[in-house]
Amino acid sequence: MTSSQEQYIIVGTAGHVDHGKTVLVRALTGVDTDRLKEEKERGISIELGFAPLVLPSGRRVGLVDVPGHERFIRHMLAGVAGIDLVLMVVAADEGVMPQTREHLDILNLLQVKRGLVAITKIDLVDEEWLALVEEDVRQAVKGSVLEGAPMVPVSAVTGEGLERLLATLDTLVADTPARESVGPARLPIDRVFTIAGFGTVVTGTLWSGSLKVGETICIYPAGKSVRIRSLQVHGEPVETAYAGQRVAVNLAGVQVNEVKRGQVLAEPESLKPSLRLGADLYLLASTHRPLVHGARVRFHLGTSEILARVLLLDREELVPGESALVQVHAEEPVCARRGDRFVIRSYSPIHTIGGGTVLDPSARRYRRREEVVKALEILRAGRPQDLVLETLKTLEPEAPDIHSIAKKAGLDPGMVAPILEELEEQGQVISGRPQGADAWFMTASTYQRLGKAAEEALLAYHRQWPLRSGLPKEELRSRLGKIVANLSARTFNLLLANWEAEGRIKVLAQEVRSADFNLEPPARFQPALAGAREAYRQGGFTPPAWEEVARQQSLEPEAASEVLHYLLRQGELVRVGEDIYFSRQALEAAKARIAAFLEEHGHITLAEARDLLGSTRKYVLPLLEYLDQIKFTRRQGDLRVRY
């Protein structure tokens, strides 16, 4: 990480309405974050406000001023989701109030672990009252992420305590690690507007990665590709924006009505929208009632607010103060990554009731059973080896590469590679390494199950159809699809290549056969094959009908069909018309005679061909049409010429 990136820290305010958050931000930065006319008229923040702040050390941070009124908690959640450090504001003349506690609950749920408390409006109280408020705050933050956090009394009116507040904030910022500007870029959108002459602009905190002018980016969950026309960080144009910065992105290729708060700006193919998430959910102890299975809630992740239902996997209700593994069924697509924190609020009346961590960002529909709970417990524990193995299971039946596994698991690919090596050495994972492509991986149990099923299917097929060269590929894939659902053509072909390299099968153009399958027809078919060959050899240019040959050889209908198709596949017979077959020798002889005639005369009629071959119209007409089809001859009216 470069030194220039160390300053990219976002500080968010929190606290009850009218406790002086916006006034304090103005005193610290000189910026009035109340932008809307309605905010100025009512004296409260409704939308999010932003201001740059230069600390005494020269470090620059971004201040996010969030609304404190209970009616605008959803806006508060949109702002606090991307912060690194919190500035909790409590007014000295009122002390801890309902939204103070709700904001504190939200900070706990989102695990914003660094911060300080500013006791504002100290010019309105005496020292004795201030001491009581400070003790009230200490009790309120006890057991929370702000327990033990610095507490600084200030007055935005007189300026008392502001220097100390800045110095304390400076120290905290110095100890707060900057976000890594590696990995895919992700910016949850919290504002959308248009500027004359520029077009659509979105703003937000860049959670990860970096954005560059001119690059193509994607708006999720819609998946719409757009181009970055320009970037600004705190009002200053930049060519590149880094993780942790407040960024305004001017987008080309999208109208302002096509974008909204809650969507995510991210690298193409870096997110997978889903209606289901596997999660670890905690229900606040202060919540008044249990959460029942299937409860409808307001689900907040990043800057989005989506209605959803919470399905409890191992119980009928979740008691306040307890955690459970759940599946969240959203009513709109959600774009998440493993490890993302979220908050849930009750549907009605609206108040914060819990939150937790996304474990599986694109979960399948779960059934409430022990295996699912066990899998989510592994994801919750987060042990890398278990996490990679469980991630691989969730991605099956696909055979993902290292980057796909790392993205799904929320780990660095450099960490995943040695873990997969270790798991392969232990026999828990199988890999394939196609030439010119990335290695793919599959759990050994699934690989072996599919391999055994394929071998059994081929063995049964060869036993039933000994004259056929192999089982059609799509038929084999269909059979394996009954073992592992949704087996894609890509994974199927990767498996075939691996099994062939292991010497277990032989892959033909459109068929698959066992490696040890003997193409020599079984003894019971040899007399019929010999008789059929002789019948067509003797028939020459007036070959017999197949039904007649089958009757002469005493073949049952199924056996007759097998013998005929064997001779056709081997090229010993050639179908030239409906139920008309020529032996290969007769066909080549006919072609030679017709070629010589055309060489001498330039063209040939049907009658001339009939006489030349000593045959009849019944056989010669389909033969000539066949020769046209294979581009040996070309028809011109009633004549044929050499193609």
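All values derive from a computational prediction rather than experimental measurement.

Visitor: Talk me through the overall build of the chain; I want residue IDs and the actual numbers.
Guide: The secondary structure content of the chain amounts to 19 helices and 34 strands. For 643 residues, the compact-globule formula gives about 26 Å, and the C-alpha radius of gyration of the chain, at 37 Å, lies well above that figure. A separation threshold of at least 6 residues defines the contact pool for the chain, and within that pool the share at least 24 residues apart is 65%. Counting only carbon and sulfur atoms, one obtains 48% of the accessible surface of the chain, whose full area is about 30,000 Å². The average position of the 79 basic charges and that of the 85 acidic charges among the side chains of the chain differ by 6 Å.

Visitor: Let's hear about helix H14 (residues 526–539): which residues, and what values?
Guide: Here H14 is 14 residues long and its end C-alpha atoms lie 20 Å apart, about the 20 Å a rise of 1.5 Å per residue gives. Those residues of H14 not exposed but buried are Ala528, Leu529, Gly531, Ala532, Ala535, Tyr536 and Gly539. One face of H14 carries all of its buried residues, which in axial projection span an arc of 165 degrees. Along H14, exposed side chains directed more than 90 degrees from the buried face belong to Pro527, Arg537 and Gln538.

Visitor: So what's going on with the environment of glycine 354? Which residues, and what values?
Guide: Among the structural elements, glycine 354 can be located in strand S24 (residues 352–360). Judged by relative accessible area, which is 0%, glycine 354 ranks as buried. For the pair glycine 354 and leucine 284, spaced 70 residues apart in the sequence, the C-alpha separation amounts to 5.1 Å. When neighbours within four sequence positions are excluded, glycine 354 is seen to be in contact with Leu109, Leu281, Tyr282, Leu283, Leu284, Val343 and Ile344.

Visitor: Tell me about the confidence of the model for the chain, and name the residues and values.
Guide: On average, residues of the chain carry a pLDDT of 87, and 92% of them reach 70 or more. Taken together, the stretch residues 34–47 has pLDDT below 50 and engages in 32 contacts with residues farther than four places along the chain or on a different chain. Considering only residues more than four positions removed or in separate chains, one finds that residues 68–72, a stretch of pLDDT under 50, has 17 contacts.

Visitor: Give me the lowdown on the pairing of strand S3 (residues 60–65), citing residues and values where you can.
Guide: The side chains of a regular strand alternate between the sheet's two faces. With 5 of its 6 residues buried, S3 lies for the most part within the structure. Both strand S1 (residues 9–14) and S3 contribute to a ladder of 4 bridges, which runs parallel. Note on S3: the bridge partner recorded for isoleucine 9 is valine 61.

Visitor: Outline the packing of helix H11 (residues 444–464) against helix H13 (residues 489–501), listing residues and values.
Guide: In contact at an axis separation of 11 Å, H11 and H13 are set at 75 degrees when each is read in the N-to-C sense. By the criterion of interaxial angle, the relationship of H11 to H13 is roughly perpendicular. Along the contact surface, H11 presents Tyr447, Leu450, Gly451 and Ala454, while H13 presents Leu495, Asn498 and Trp499. Counted by class, the contact of H11 with H13 contains 5 nonpolar, 2 polar and no charged residues.

Visitor: Summarise a negative patch on the surface; cite the residues concerned and give the values.
Guide: A cluster of acidic residues, Asp18, Asp93, Glu94, Asp123, Asp126, Glu127, Glu128 and Glu160, forms a negative patch at the surface. On the secondary structure map, aspartate 123 appears in the loop between strand S5 (115–120) and helix H5 (127–141). Residue aspartate 123 is classed as partly exposed on the basis of its relative accessible area of 36%.

Visitor: Any details on the packing of helix H1 (residues 21–29) against helix H6 (residues 162–174)? Residues and values, ideally.
Guide: Running from amino to carboxyl end, H1 crosses H6 at an angle of 85 degrees, the nearest separation of the two axes being 11 Å. Viewed along their axes, H1 and H6 adopt a mutual orientation that is roughly perpendicular. Here H1 contributes Leu24, Ala27 and Leu28 to the contact with H6, which in turn contributes Leu162, Leu165 and Leu166. Residues of the contact of H1 with H6, tallied by class, amount to 6 nonpolar, no polar and no charged.

Conventions adopted
Residues numbered from 1 in each chain as written. Predicted model: local features only at pLDDT ≥ 70, side-chain atom pairs only at ≥ 80, totals over all residues. Heavy atoms only, no water. Helix = DSSP H or I, 4+ residues; strand = E, 2+ residues; numbered from the N terminus. Rg over C-alpha atoms; globule rule 2.2 N^0.38 Å. Contact = heavy atoms within 4.5 Å. Areas by Shrake-Rupley, 256 points an atom, 1.4 Å probe, with all protein chains shown as cover. Lys, Arg positive; Asp, Glu negative; His and termini not counted. Charge placed at Lys NZ, Arg CZ, Asp CG, Glu CD. Expected span 1.5 Å × (residues − 1). Buried < 20%, exposed > 50% of the residue type's maximum accessible area, 1.4 Å probe, protein only. Arc of directions from axis to C-beta. pLDDT = per-residue confidence, 0-100. Pairing = 2+ DSSP bridges. Axes fitted to C-alpha atoms, helices over the stretch in contact; angles between N-to-C directions. Parallel < 35°, antiparallel > 145°, perpendicular 65-115°, else oblique. Nonpolar A, V, L, I, M, F, W, Y, C, P; charged D, E, K, R; others polar. Patch = residues over 30% accessible without salt bridge, like charges linked within 9 Å, V, L, I, M, F, W, Y side chains within 5 Å. Salt bridge = Lys/Arg side-chain N within 4 Å of Asp/Glu carboxyl O.

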